[in-house]
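Here is how the chains run, residue by residue.
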Amino acid sequence: VLMLAQEISQLNDVECVLYSVLTDNSPRMVNHAGDVIAEAQQAGISGGKLDGKTFFSWQPYRKFYRLCREFQPDAVYSFGLRADLVARLAGRLANRNITLVSGIRGTREDQGKHVTFLDRLTGPLADAWISNSHAGKRVFAQREKFPEDKISVIPNAIKTWPLPEKTGEMRREWGFSDEHY
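Residues numbered from 1 in each chain as written. Predicted model: local features only at pLDDT ≥ 70, side-chain atom pairs only at ≥ 80, totals over all residues. Heavy atoms only, no water.

Considering the overall build of the protein chain
And step 1. Along the backbone of the protein chain there are 7 helices and 6 strands.
And step 2. Counting helices and strands in the order they occur from the N terminus, the protein chain gives α-β-α-β-α-β-α-β-α-β-α-β-α.
And step 3. Of the roughly 12100 Å² of accessible surface on the protein chain, 55% is carried by carbon and sulfur atoms. (Helix = DSSP H or I, 4+ residues; strand = E, 2+ residues; numbered from the N terminus. Areas by Shrake-Rupley, 256 points an atom, 1.4 Å probe, with all protein chains shown as cover.)

Description of the nonpolar core
If you look at soluble globular proteins, the nonpolar side chains tend to sit buried side by side.
And step 1. With 18 residues, the main nonpolar core has Leu50, Phe64, Val76 and Val86 as its most contacted residues.
And step 2. Those elements that place two or more of their residues in this core are helix 3 (59-71), helix 4 (81-94) and helix 5 (113-122).
And step 3. Per-element tally for this core: the top contributor is helix 4, with 7 residues.
And step 4. If sequence neighbours within four positions are ignored, Leu50 has contacts with Tyr19, Ser20, Val21, Gln59, Pro60, Lys63, Phe64, Leu67 and Val86. (Core = buried A, V, L, I, M, F, W, Y, C linked by side-chain atoms within 4.5 Å. Buried < 20%, exposed > 50% of the residue type's maximum accessible area, 1.4 Å probe, protein only. Contact = heavy atoms within 4.5 Å.)

Thoughts on the pairing of strand 4 (residues 99-104)
And step 1. With respect to burial, strand 4 is a largely interior element, 5 of its 6 residues being buried.
And step 2. Sheet analysis places strand 3 (residues 75-79) next to strand 4, joined by 5 bridges and oriented parallel. Its bridge partner lying in strand 4, Val76 is registered against Leu100.
And step 3. This β-α-β element, strand 3 to helix 4 to strand 4, shows right-handed connectivity.
And step 4. Of the pairings in the sheet, the one linking strand 4 to strand 5 (residues 128-131) comprises 4 bridges and is parallel in character. Within strand 5, the residue paired with Gly103 across the bridge is Ile130. (Pairing = 2+ DSSP bridges. Right-handed = clockwise from strand over helix to strand, strands pointing away.)

Structural notes on the environment of Leu81
And step 1. Here Leu81 shows up in helix 4.
And step 2. Residue classification places Leu81 among the buried positions, given a relative accessible area of 11%.
And step 3. Taking the C-alpha atoms as reference, Leu81 lies 7.6 Å from Asp119; in sequence the two are 38 residues apart.

Considering the packing of helix 5 against helix 6 (residues 134-144)
And step 1. At a closest axis distance of 10 Å, the pairing of helix 5 and helix 6 adopts a crossing angle of 85°. As summarised for this structure, helix 5 and helix 6 are arranged roughly perpendicular, according to the angle between their axes. Contact residues: Thr116, Asp119 and Arg120 in helix 5; Phe140, Arg143 and Glu144 in helix 6.
And step 2. A class-by-class count of the residues in the contact of helix 5 with helix 6 yields 1 nonpolar, 1 polar and 4 charged. (Axes fitted to C-alpha atoms, helices over the stretch in contact; angles between N-to-C directions. Parallel < 35°, antiparallel > 145°, perpendicular 65-115°, else oblique. Nonpolar A, V, L, I, M, F, W, Y, C, P; charged D, E, K, R; others polar.)

Looking at the sheet that holds strand 4
And step 1. On the basis of which strands lie adjacent, the open sheet formed by 4 strands has the order 3-4-5-6 and parallel pairing. Each end of this open sheet is capped by a strand with a single partner; those strands are strand 3 and strand 6 (151-153). Averaged over all neighbouring strand pairs, the angle between strand axes comes to 25°, with direction disregarded.
And step 2. Bridge count for strand 5 against strand 6 is 3 bridges, and the pairing is parallel. Within strand 6, the residue paired with Trp129 across the bridge is Ile151.

Some points on the side chain of Asn132
And step 1. Locating Asn132 in the fold gives a position in the loop between strand 5 and helix 6.
And step 2. Residue Asn132 is classed as buried on the basis of its relative accessible area, which comes to 13%.
And step 3. In contact with Asn132, other than residues within four places in its own chain, are Ile104, Arg105, Gly106, Ile154, Pro155 and Asn156.

Quick word on the packing of aromatic side chains
And step 1. Across all of its chains, the model carries 5 aromatic pairs by this definition.
And step 2. With 4.9 Å between their ring centres and 50° between their planes, Trp58 and Tyr61 make a pair best called tilted.
And step 3. Residue class for Trp58 comes out exposed when judged on its relative accessible area of 58%.
And step 4. Taking the centre distance of 5.8 Å and the plane angle of 65° together, the rings of Phe140 and Phe146 count as edge-to-face. The pair formed by Phe140 and Phe146 is uniform in burial state, with each residue classed as buried.
And step 5. Here a set of aromatic residues connected by ring pairs shows up, and it is made of Trp129, Phe140 and Phe146. (Phe/Tyr/Trp six-rings, centres within 6.5 Å; stacked < 30°, edge-to-face > 60°.)

Here is the structure:
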């Protein structure tokens, strides 16, 4: 997310602001939200934490609504269910003309029924979706009953072909057959 924010900030006439709805005690966080925000600020990107204490805390919604009303952003790009919910609900309420873009970061095959329900319920509020893979797009569209033409694919830019010359050697070393990718 930080790399994307840095790239966007380098575009002409674009100001990127980074906010996190995750808390520093979120169990799935690799980096704490405060660490990401601090790195962003060091890179010249403004932002902050929306301080959602729990998944259903109303603080992030209230704060994001106020931010959208005050700054009137042209677009909001969100990643992950919690951020998507805040962006879709508070962003749309604050500004009907805002462009809301939700990110699909994989197939999320292990997600619970509540996630599918919440995505189906609030998904129509998003103007567009960006998936980092064709598989993510396909699975999301099928599971969420969502039109594929609303989903664009922008790959993560991981070069997979041609494979490095040492691939066969690495496969043998790690105990994989040649059929494994």
